[in-house]
Amino acid sequence: MPTAVLGLGGNALARSGEPATVTNQFRHARESVAPIIELARQGWRIVIVHGNGPQVGDELLRNEAARKVVEPLPLGVLVAETAGWIGYMLQQSLQNALAAARVQRDVVTVITQTLVDRYDPALNHPTKPIGHALSSQEATRLQELGRAVGKDGAGDWRRMATSPVPLEVIEFPIIKRLLDQGTMVIAAGGGGPPVYQDPILGLEGLDAVVDKDRVSAILGNQLEAEVLMLMTNVDAVFDGWGTPKAKPIRRMTLEQAGAMIASGSLDEGGMKPKVEAAAWFVQRGGSRAIIARLSEGPAALRGETGTTIMGAA
């Protein structure tokens, strides 16, 4: 059976402009899994990697609000925490949807660690937006408290975290064994808590986050997956995005992807990391990478929508 790695954005559960209640997030989880069930019915081996930007930002706020009562948790631990409860939501939603569709497939969530370089320069520069959009007053208050804030690709104030380059998923062999048994795996949630290899202590965690799209690409290469699908809230990569002449790009070569990245025409906080991750996957042996709207996953896999990036024919 062919293998597909699906990268779901954190907004698959927490939508912009809507309260991120558990009820709302469960509802969106149930909506999000519908196209995945169709892929399971077709016989694909499936790994799901999800984002956690809105959720981990909320957890930081909860920690800070309760810091006089309980010890705050470091960011890496919060990544693992959100990977657990978001995985639970997706796992339960998938189990119910598979049962309703009469598709026999086990589902499991695996908390995985992502290896990074302890001396990655990115650890000194908070650039990764997390949490929800902030008002200018909230941003100023956080800055006065010594928190890192900045503007995202949409021009909104956000909290910022350091984001080292991911190198590999530590628990890759476990994920592969589960896939070989026919299990659908939810892994590398939120990109996975980042860790480094200490020469004495072994694996040690870091107070940072890693990009889930890049981790999806790395895991796809480790698994020798046929397809990497980065599912988002827009139809495709667009030429001339934000202008009246904008048009979707259905097929993109590695050369075209590199040119778009170099030109600066891609949104730093949105489409750029997806195109970079898709190109990374194909450059390292993946057959094709697809960027598409989540609800249109099966159609994008057939080449009817979304953007497909492929290497040389």
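Residues numbered from 1 in each chain as written. Predicted model: local features only at pLDDT ≥ 70, side-chain atom pairs only at ≥ 80, totals over all residues. Heavy atoms only, no water.

Once that is clear, we can look at the overall build of the protein. Of the regular secondary structure elements, the protein holds 10 helices and 17 strands. What you see for the protein is a C-alpha radius of gyration of 19 Å, in line with the 20 Å of a compact globule of 313 residues. Expressed along its principal axes, the backbone C-alpha trace of the protein runs to roughly 55 × 45 × 45 Å. Out of the 313 residues in the protein, the part that is buried amounts to 52%. Long-range pairs, those at least 24 residues apart, make up 72% of the contacts in the protein with a sequence separation of at least 6. About 14600 Å² of surface is accessible on the protein, with carbon and sulfur atoms providing 52% of the total. In the protein, 31 side chains carry a positive charge and 33 a negative one; their mean positions are 5 Å apart. (Helix = DSSP H or I, 4+ residues; strand = E, 2+ residues; numbered from the N terminus. Rg over C-alpha atoms; globule rule 2.2 N^0.38 Å. Buried < 20%, exposed > 50% of the residue type's maximum accessible area, 1.4 Å probe, protein only. Contact = heavy atoms within 4.5 Å. Areas by Shrake-Rupley, 256 points an atom, 1.4 Å probe, with all protein chains shown as cover. Lys, Arg positive; Asp, Glu negative; His and termini not counted. Charge placed at Lys NZ, Arg CZ, Asp CG, Glu CD.)

All right, on to the pairing of strand E11 (residues 202–205) then. Of the strand pairs in this sheet, strand E10 (residues 194–198) and E11 are connected by 4 bridges, and their pairing is antiparallel. Bridge assignment links Asp198 to a residue of E11, and that residue is Gly202. Between the end of E10 and the start of E11, which pair antiparallel, lie 3 residues. (Pairing = 2+ DSSP bridges.)

Here we take up the sheet that holds strand E6 (residues 149–151). If you walk across this open sheet you meet the 3 strands as E5-E7-E6, and the pairing is antiparallel. In the strand order of this sheet, the two ends are held by strand E5 (128–134) and E6, each with one partner. Each strand of the sheet is rotated relative to its neighbour by a mean of 40 degrees, with strand direction disregarded. In terms of strand pairing, E5 meets strand E7 (residues 157–161) through 4 bridges, oriented antiparallel. Bridge pairing links Lys128 to Ala161 in E7. Its contacts with the sheet put helix H5 (residues 136–144) on E5, E6 and E7, and the angle it makes with E5 is roughly 130 degrees. (Axes fitted to C-alpha atoms, helices over the stretch in contact; angles between N-to-C directions.)

This paragraph deals with the nonpolar core. If you look at the biggest cluster of nonpolar residues, it comprises 43 residues, and the most contacted ones within it are Val47, Ile175, Leu223, Val237, Val275 and Ile309. Of the residues forming this core, the biggest block, 7 residues, is contributed by helix H9 (residues 271–283). In this view, Ile309 contacts Met252, Leu254, Ala257, Val275, Ala278, Val282, Ser287, Arg288 and Ala289; residues no more than four positions away in its chain are not counted. If you look at the next biggest cluster of nonpolar residues, it comprises 32 residues, including Phe26, Val33, Ile86 and Met231. (Core = buried A, V, L, I, M, F, W, Y, C linked by side-chain atoms within 4.5 Å.)

What follows concerns the packing of aromatic side chains. Tallying each qualifying case throughout the model produces 1 aromatic pair. Between Phe26 and Tyr88, the aromatic rings sit 5.7 Å apart at their centres with planes inclined by 90 degrees, giving edge-to-face as the arrangement. With Phe26 in helix H1 (residues 22–32) and Tyr88 in helix H4 (residues 75–100), this residue pair connects regions lying 62 residues apart in the sequence. Here Phe26 falls in the buried class, since its relative accessible area comes to 14%. Note on Tyr88: relative accessible area 46%, which makes it partly exposed. Directly above the ring of Tyr196 sits Arg118, whose terminal nitrogen or CZ lies 5.3 Å from the centroid. In this structure, Arg284 packs its charged tip against the face of Trp280, placed 3.5 Å from the ring centre. (Phe/Tyr/Trp six-rings, centres within 6.5 Å; stacked < 30°, edge-to-face > 60°. Lys NZ or Arg CZ within 6 Å of the ring centre and 35° of its normal.)

To continue, consider the side chain of Lys212. On the secondary structure map, Lys212 appears in helix H7 (residues 212–222). Not counting residues within four places of it along the chain, the set of residues in contact with Lys212 comprises Gly7, Leu8, Gly9, Val49, His50, Gly51, Gly190, Gly191 and Lys274.

Counted under the stated rule, the structure contains 1 cavity of 30 Å³ or more. In this structure, the largest cavity spans a volume of roughly 40 Å³. Forming the boundary of the largest cavity are Leu6, Pro35, Ile36, Leu39, Met229, Met231, Leu294 and Gly297. Listed by contribution, the elements that provide at least two residues to the lining of the largest cavity are helix H2 (34–41) and strand E12 (227–232). The element contributing the most residues to the lining of the largest cavity is H2, with 3 residues. The residue makeup of the lining of the largest cavity, split by class, is 7 nonpolar, 1 polar and no charged. (1 Å grid on protein atoms, 1.4 Å probe; cavity = no way out; pocket = protein on both sides within 12 Å on 5 of 7 lines; lining within 4 Å. Points joined across faces, edges and corners; volume = space filled by probe spheres on them. Nonpolar A, V, L, I, M, F, W, Y, C, P; charged D, E, K, R; others polar.)

This brings us to the environment of Glu304. Tracing the backbone through its elements, the reader meets Glu304 in the loop between helix H10 (297–301) and strand E17 (307–310). Accessibility expressed as a relative area gives 52% for Glu304, which makes it exposed. Each C-alpha atom of the pair Glu304 and Leu98 lies 25 Å from the other, and the pair is 206 residues apart in sequence. Polar contacts involving the side chain of Glu304 include one to the side chain of Arg302, which spans 2.9 Å. (Polar contact = N/O pair within 3.5 Å; in protein donor to acceptor, adjacent residues only side chain to side chain.)

With that out of the way, let us pick up the layout of surface pockets. Looking at the second largest pocket, its volume works out to about 270 Å³. In terms of lining residues, the second largest pocket is bounded by 16 residues, among which Leu60, Leu75, Arg159, Met160 and Asp207 are the most central. Looking at the lining of the second largest pocket, the elements that each hand over two or more residues are helix H3 (53–65) and E7. When residues of the lining of the second largest pocket are assigned to their parent elements, the largest contribution, 3 residues, is made by E7. Looking at the lining of the second largest pocket residue by residue, the class counts come to 10 nonpolar, 3 polar and 3 charged.

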